[in-house]
Amino acid sequence: MFPRTSVCRGAQRAIRRQAQQPIQRRGLAAPASGSFQYQSGDAKGVKFASRDFAGPTTTLALVSKAGTRYQLFPGLTEGLEKFAFRNTNRRSTLRIVRESELLGAELNAYHTRENLVLEAKFLRDDLPYYVELLGEVAASTKYIPHVYNEEVLPLIHFAHKQFLARPTDMAINSAHSLAFHKGLGTPTASASTTPYTKYLSTDSIEAFSKFAYAKPNFAIVANGAEHGELSKWVNQFFDEVPAALPADFPPVSEAQSKYYGGEERIAHDGGNAFVIGFAGSSTFTGKFYKPEIAVLASLLGGESSIKWSPGFSLLAKAAASPGTHVKTKSAIYSDAGLLYTTITGSALNVRETATEVVKIIQNVAAGQITKEEIQKAKAAAKFKELEYGQDVKAGLELTGAGLVHNTKAYQIDEVAKAVDGVTEEAVKAAAKLLLESKASVSAVGDLFMLPYAEELGLKV
Amino acid sequence: MSAPSLAPYIAKRPWLKKWFEPLAKWYCNAAGYRQLGLRADDLIPEENDTVQLALKRLPPKEAYDRVFRLRRAFQCSVSHQLLPKGEWTKPEDDVPYLTVVIKDIEAEMKEREDLEAMIVSKRERNAKEAH
């Protein structure tokens, strides 16, 4: 069929190419090891981890176990987050900002349900400066009333307004609070002004900072820094932070977060969001890790990985119109998780899609999944996990949290391996379990249109 | 807001301070604001941005007390009277509560101006690399 010469030429070229670059060949989905792995260590009680990415920049983060889950009063985490990089005993806010500008760096602070993260991105040479800065922020920030009133409070207020304007955020937070009540269920932004008008003051924030920045309660994680260097500087600059948790703080309960479930409906005129949640898996570093939940999440899926196409996952076909978005996510925390599907769009479409989604979940729970679909889902889950691992920001937080909670770094290679090892039976068993527990259903938007969980056939 | 003053020069030299202290005490008393129940810091002109900001930064209790003192003094002044002797400001109560805040704000502004006027030079190593 083919002229002989052309076949030969192709083969020759192929051989030549192989001979040229024998080392760079790698199996398709085998993760690069080495640079992917975190090295962890301990410097005078401060846990730290680093991986030495080749590259001119470094990302350094202080990950503290002080997310909204651990706050004693509502709003404390947010207050502490907004106080990051403000006046310290040695430097003013302005000086910190200007110095970072001159060094060409980026400072950032954010919080999640479990962690408070102070992050700095900078050129490799500036590592000592930023380790020192993080040490300073942790140990000697001045919590002054006028800074709180003039700079921190308006930011909290903006966050509150922003939260109220986003139905999806509201629905997800509401689903979490249905699922876990207190602790993990605490919303990440305040839904009313009560938290910061009633509970928040510089004194309470300062007291909380002694908890958040105590040595056993935070970890330093670096991407693109040499381990020895980081170890040296962490040793030097974290002497002033408290060595132990404050004695007058109630100890954080070690019991596993209990899953409750239920239904909540919130009227909103800014859009429609519908969240259906089930008990999920903890992080890889936690004790209740179930890789099959990640596979199940990508099996249900909903979001397309290809442009201009609805995608091939089960829920992708359920969307009632192109403007209706369905997305399944497995939110993982240190000791529990929530597998949830978010549906957004116009009220009528959300209603139709929700009905369809529940039908598909019921089918999946009944074991009607083909082997091929599970294979696809596994590949997608593994890709997502590895891609997530390359994303510096995600890795930083998970690794830091892993170190603080169970002194184990988040090794993405191993997570990928765990996902690989998921069997068909495990996925089916996990799917069956979904409908056995109660669901957490939250509807935000036009309540006249949005369905009740009961109507959909869910147990709440 | 501060006018040139010899006070720091005198305060630094103990012998001179000892000399001037009685004079200063006499002067504060003769100035007459204590007889109206005011403190020295109540007399700082407030018609400028720095002092306005400083007033905003006062803790609620102190801001309230300040307004009370000012109104009481105003009443006294209008009715051409002094307060009964028991209500005069005692020298130990006459502490600078506003000056501290104003000094902080001035330091902040000075720092900002210094940073604005800064001349940036390259790090030696980087400068060499880039010729």
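Since we're looking at a predicted model, the values are computed, not measured. (Residues numbered from 1 in each chain as written. Chains lettered and ligands numbered in written order. Predicted model: local features only at pLDDT ≥ 70, side-chain atom pairs only at ≥ 80, totals over all residues. Heavy atoms only, no water.)

Moving on: the overall build of chain B. In terms of helices and strands, chain B carries six helices and zero strands. Secondary structure elements in chain B, listed N-terminal to C-terminal, are α-α-α-α-α-α. Its C-alpha atoms give chain B a radius of gyration of 22 Å, more than 25% over the compact-globule value 14 Å for 131 residues. Long-range pairs, those at least 24 residues apart, make up 76% of the contacts in chain B with a sequence separation of at least 6. (Helix = DSSP H or I, 4+ residues; strand = E, 2+ residues; numbered from the N terminus. Rg over C-alpha atoms; globule rule 2.2 N^0.38 Å. Contact = heavy atoms within 4.5 Å.)

Residues and elements named next belong to chain A. Domain boundaries in chain A define domain 1 (7-237) and domain 2 (262-456). On a C-alpha basis, the centres of domain 1 and domain 2 stand 25 Å from each other. Opposite the 49 residues of domain 1 that make contact, domain 2 presents 44 residues. In total, about 3600 Å² of surface goes out of reach between domain 1 and domain 2, with carbon and sulfur atoms giving 67% of it. For Arg-69, the salt bridge identified is with Asp-335, shortest N-O distance 2.9 Å. Sorting the residues of the side of domain 1 that touches domain 2 by element identifies β2 (46-51), β3 (57-64), β4 (106-111), β5 (116-123), α6 (167-180) and β6 (218-223) as the ones contributing at least two each. For the side of domain 1 that touches domain 2, the leading source of residues is α6, giving twelve residues. Classifying every residue of the side of domain 1 that touches domain 2 gives 29 nonpolar, 13 polar and seven charged. (Domains from an automatic or database assignment. Buried area = accessible area lost by both parts, 1.4 Å probe. Salt bridge = Lys/Arg side-chain N within 4 Å of Asp/Glu carboxyl O. Nonpolar A, V, L, I, M, F, W, Y, C, P; charged D, E, K, R; others polar.)

On to unusual backbone geometry. Positive phi is not limited to glycine here, since Trp-308 of chain A has a value of about 60°. Residue class for Trp-308 of chain A comes out exposed when judged on its relative accessible area of 82%. With a phi close to 50°, His-80 of chain B is a non-glycine residue in the positive phi region. For His-80 of chain B, the location among the structural elements is in the loop between α4 (60-78) and α5 (99-116). (Buried < 20%, exposed > 50% of the residue type's maximum accessible area, 1.4 Å probe, protein only.)

Time to look at the sheet that holds strand β1 (residues 39-43) of chain A. The strands that make up a sheet are held in pairs by hydrogen bonds between backbone atoms, and each pair lies either parallel or antiparallel. Residue and element names in this part refer to chain A. Pairing in this open sheet of six strands is mixed, and the strands run β1-β2-β6-β3-β5-β4 from one edge to the other. A strand with exactly one partner marks an edge of an open sheet, and here the two such strands are β1 and β4. Strand-to-strand, the axes of this sheet are offset by a mean angle of 20°, without reference to chain direction. Pairing of β4 with β5 involves six bridges; the strand directions are antiparallel. Considered in β5, the bridge of Ala-109 is made with Leu-118. Relative to β6, helix α13 (residues 392-406) is tilted by about 145°, and along the sheet it contacts β1, β2, β3, β4, β5 and β6. (Pairing = 2+ DSSP bridges. Axes fitted to C-alpha atoms, helices over the stretch in contact; angles between N-to-C directions.)

Once that is clear, we can look at the confidence of the model for chain A. Predicted coordinates in regions of low pLDDT should not be interpreted in detail. Per-chain confidence: chain A averages 86 in pLDDT, with 91% of residues scoring 70 or above. The spread of mean pLDDT over the elements of chain A runs between helix α1 (residues 4-20) of chain A, the lowest at 50, and strand β11 (residues 440-445) of chain A, the highest at 95. (pLDDT = per-residue confidence, 0-100.)

What follows concerns the nonpolar core. The tendency in soluble globular proteins is for nonpolar side chains to be buried side by side. All names here are of chain A. Leu-60, Ile-220 and Phe-238 are the most contacted members of the largest nonpolar core, which has 50 residues in total. With eight residues, the top contributor of residues to this core is helix α4 (residues 127-140). Look past the residues within four positions of Leu-60 in its chain and what remains in contact with it is Leu-118, Glu-119, Ala-120, Phe-122, Leu-127, Tyr-130, Val-131, Leu-134, Ile-220, Val-221, Ala-222 and Leu-230. One finds Ile-276, Leu-299, Ala-318 and Ala-430 within the second-largest nonpolar core, a separate group that totals 39 residues. (Core = buried A, V, L, I, M, F, W, Y, C linked by side-chain atoms within 4.5 Å.)

All names here are of chain B. For the coordinates displayed, the defined rule picks out zero disulfides over all chains. Cysteine Cys-28 remains unbridged, with the sulfur of Cys-76 as its closest cysteine sulfur at 19 Å. Of the residues examined, Cys-28 reaches a relative accessible area of 24% and is grouped as partly exposed. (Disulfide = S-S within 2.5 Å.)

It is worth spelling out the packing of aromatic side chains at this point. Taken as a whole and assessed by the stated rule, the structure comprises twelve aromatic pairs over all chains. Ring geometry for Tyr-129 of chain A and Tyr-130 of chain A: centres 4.8 Å apart, planes at 75°, overall edge-to-face. Judged on exposure class, the residue Tyr-129 of chain A and its partner Tyr-130 of chain A are both buried. Clustering of aromatic rings is evident, with ring pairs tying together Phe-83, Tyr-143 and Tyr-148 of chain A. Sitting over the ring of Tyr-452 of chain A, Arg-265 of chain A keeps its end group 3.7 Å from the ring centre. Between Arg-13 of chain B and the ring centre of Tyr-9 of chain B, over which it is positioned, the NZ or CZ distance is 4.0 Å. (Phe/Tyr/Trp six-rings, centres within 6.5 Å; stacked < 30°, edge-to-face > 60°. Lys NZ or Arg CZ within 6 Å of the ring centre and 35° of its normal.)

This next bit is on the layout of surface pockets. Residues and elements named next belong to chain B. Taken as a whole, the second largest pocket holds about 1100 Å³ of empty space. Around the second largest pocket, the lining is made up of 27 residues, and of these Ser-5, Ala-7, Ala-24, Cys-28 and Ala-40 lie nearest the centre. Looking at the lining of the second largest pocket, the elements with two or more residues in it are α1 (7-12) and α2 (14-31). In terms of residue count, α2 provides more of the lining of the second largest pocket than any other element does, seven residues in total. A class-by-class count of the residues in the lining of the second largest pocket yields 18 nonpolar, three polar and six charged. (1 Å grid on protein atoms, 1.4 Å probe; cavity = no way out; pocket = protein on both sides within 12 Å on 5 of 7 lines; lining within 4 Å. Points joined across faces, edges and corners; volume = space filled by probe spheres on them.)

All names here are of chain A. As a packed pair, α4 and helix α9 (residues 227-237) sit with axes 9 Å apart at the nearest point and diverge in direction by 35°. In the crossing of α4 with α9, the sense of the turn from one axis to the other is right-handed. Contact with α4, carried on its side by Leu-127, Pro-128, Val-131, Glu-132 and Gly-135, involves Glu-229, Leu-230, Trp-233, Val-234 and Phe-237 of α9 and no other residues of that element. Considering only residue class, the contact of α4 with α9 consists of seven nonpolar, one polar and two charged. (Left-handed = near helix turned anticlockwise from the far one by under 90°.)

It is worth spelling out the interface of chain B and chain A at this point. At the junction of the two partners, chain B supplies eleven residues and chain A supplies ten residues. On inspection of chain B and its partner chain A, the count reaches three salt bridges. Across the pair Arg-95 of chain A and Glu-111 of chain B runs a salt bridge whose closest N-O atoms are separated by 2.9 Å. At the boundary of chain B with chain A, the tally comes to five residue pairs in polar contact (both at pLDDT 80 or more). When residues of the side of chain B that touches chain A are traced back to their parent elements, those giving at least two are α3 (49-57) and α5 of chain B. If one sorts the elements of the side of chain B that touches chain A by residue count, α5 of chain B sits on top with five residues. Partitioning the side of chain B that touches chain A into residue classes produces four nonpolar, no polar and seven charged. (Polar contact = N/O pair within 3.5 Å; in protein donor to acceptor, adjacent residues only side chain to side chain.)

Attention now goes to the pairing of β1 of chain A. Note: β1 of chain A against β2 of chain A, five bridges, orientation antiparallel. Each bridged residue has a counterpart across the sheet, and for Ala-43 of chain A the counterpart in β2 of chain A is Val-46 of chain A.

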